[in-house]
Amino acid sequence: MYTGIYRNRGIDRAEQRNAPDPKSSEAFRPGDSGRYVSREMEKIQSHRELDIYFQNAGHTDIKTVEGEVSLRHFISAMLSYYPWWIVFLYGIRKFLVNILGLVKHEKPDVLPSIKPEDLTFDPGEKASFFIVRTAKENIYWVSETPEDKHLKAYFGVVAEKLSNRLTRFHVFTSVKYLNWTGPVYFNLIRPFHHLVVWSMMRNGVKR
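1. Describing unusual backbone geometry
Consideration 1: Its identity is not glycine, yet N56 carries a phi of approximately 60°, on the positive side.
Consideration 2: Assignment of secondary structure puts N56 in the loop between α1 (39-45) and β4 (59-67).
Consideration 3: Notably, N138 is not glycine yet its phi reads approximately 70°, a positive angle.
Consideration 4: Mapped onto the fold, N138 is located in the loop between β6 (130-136) and β7 (140-144).

2. Structural notes on the confidence of the model for the protein
Consideration 1: Averaged over every residue, the pLDDT of the protein is 78; the share at 70 or more is 68%.
Consideration 2: Least confident of the elements in the protein is strand β2 (residues 28-30), whose mean pLDDT is 35; most confident is β7, at 97.
Consideration 3: For residues 1-8, every residue scores under 50 in pLDDT, and the model assigns this stretch 34 contacts once sequence neighbours within four places are set aside.
Consideration 4: Counted against residues more than four places away or in other chains, residues 11-36, with its pLDDT under 50, gives 42 contacts.

3. Examining the pairing of strand β8 (residues 151-161)
Consideration 1: When you tally the buried positions in β8, you get 9 out of 11 residues, the bulk of the element.
Consideration 2: Relative to β8, β7 runs antiparallel, the two sharing 5 bridges. Within β8, the position partnered with E144 by the bridge is Y154.
Consideration 3: Where β7 folds back onto β8 in an antiparallel hairpin, the turn is made up of 6 residues.
Consideration 4: As defined by bridge partners, β8 adjoins strand β9 (residues 167-177) across 11 bridges and the pair is classed as antiparallel. Counted as the bridge partner of K161 is T167 from β9.

4. A closer look at the environment of S113
Consideration 1: Tracing the backbone shows S113 in the loop between α3 (84-100) and β5 (126-127).
Consideration 2: In this structure S113 comes out as exposed when scored by relative accessible area, which is 65%.
Consideration 3: A C-alpha to C-alpha distance of 8.3 Å links S113 and S128, two positions 15 residues apart in sequence.

5. Some words on the packing of helix α2 (residues 71-79) against helix α4 (residues 181-204)
Consideration 1: Their axes nearest at 7 Å, the elements α2 and α4 cross at an angle of 130°. When the axes of α2 and α4 are compared, the pair comes out oblique. α2 and α4 meet at a crossing whose hand is right-handed. Residues H73, F74, A77, M78 and L79 of α2 form the contact with α4, whose participating residues are M200, M201, N203 and G204.
Consideration 2: When its residues are assigned to classes, the contact of α2 with α4 shows 6 nonpolar, 3 polar and no charged.

6. A look at the packing of aromatic side chains
Consideration 1: Evaluated as defined, the whole model comprises 5 aromatic pairs.
Consideration 2: Centroid distance Y53 to Y154: 4.9 Å. Interplanar angle 70°. Geometry classified as edge-to-face. Residue Y53 is located in the loop between α1 and β4, and its partner Y154 is located in strand β8; the two are separated by 101 residues in the primary sequence.
Consideration 3: Between the aromatic rings of F54 and F172, the centroid separation amounts to 4.9 Å while the plane-to-plane angle is 50°, which identifies the pairing as tilted. Of the two residues, F54 is situated in the loop between α1 and β4 and F172 in strand β9; the sequence distance between them amounts to 118 residues. Both residues of the pair, F54 and F172, count as buried.
Consideration 4: Following the ring pairs from residue to residue traces out a cluster consisting of F129, F130 and F155.

Conventions adopted
Residues numbered from 1 in each chain as written. Predicted model: local features only at pLDDT ≥ 70, side-chain atom pairs only at ≥ 80, totals over all residues. Heavy atoms only, no water. Helix = DSSP H or I, 4+ residues; strand = E, 2+ residues; numbered from the N terminus. pLDDT = per-residue confidence, 0-100. Contact = heavy atoms within 4.5 Å. Buried < 20%, exposed > 50% of the residue type's maximum accessible area, 1.4 Å probe, protein only. Pairing = 2+ DSSP bridges. Axes fitted to C-alpha atoms, helices over the stretch in contact; angles between N-to-C directions. Parallel < 35°, antiparallel > 145°, perpendicular 65-115°, else oblique. Left-handed = near helix turned anticlockwise from the far one by under 90°. Nonpolar A, V, L, I, M, F, W, Y, C, P; charged D, E, K, R; others polar. Phe/Tyr/Trp six-rings, centres within 6.5 Å; stacked < 30°, edge-to-face > 60°.

Spelled out as structure tokens, the structure:
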């Protein structure tokens, strides 16, 4: 059952933000570095071992959704979501890769459909085209996109149990730019990135 998406929090290194009223629904709280972090980031940072995936990040965004599904179900359903328009976006990426001279990653002939019981939690193993970096059953799952020379990107989910049936999923993307083509490429695909992740999340909480 899809129960709703709450917030999308995007942070770019170049952005300057003032701390909002702490009584507001959009309040940030001060982090260890003196910067203000969102409540969503606070939840992720409660797992200190995940801090390494945000170090020196040029872009971070966090999206939140609630559903009556397990972490395994949520991730496997997200990674198995391939409507025609997402396949079309692969073609746009291929076009940008040729222009910017980026690493070419071949699209698989058959797009995988992952069952929850087949989703790997083992670091170094592949789940769709992602590479698992760290994971704990029912708690979190963090992966990395295939190696590129322009950026390094992490995609992860942290589960927050709200009740026996309901779970809040914090889905994050953290991007580290490796050279000048990194921000150029990511800013071009940024609108599509948000659209794709939102759609994957909606599919993830369907039963």
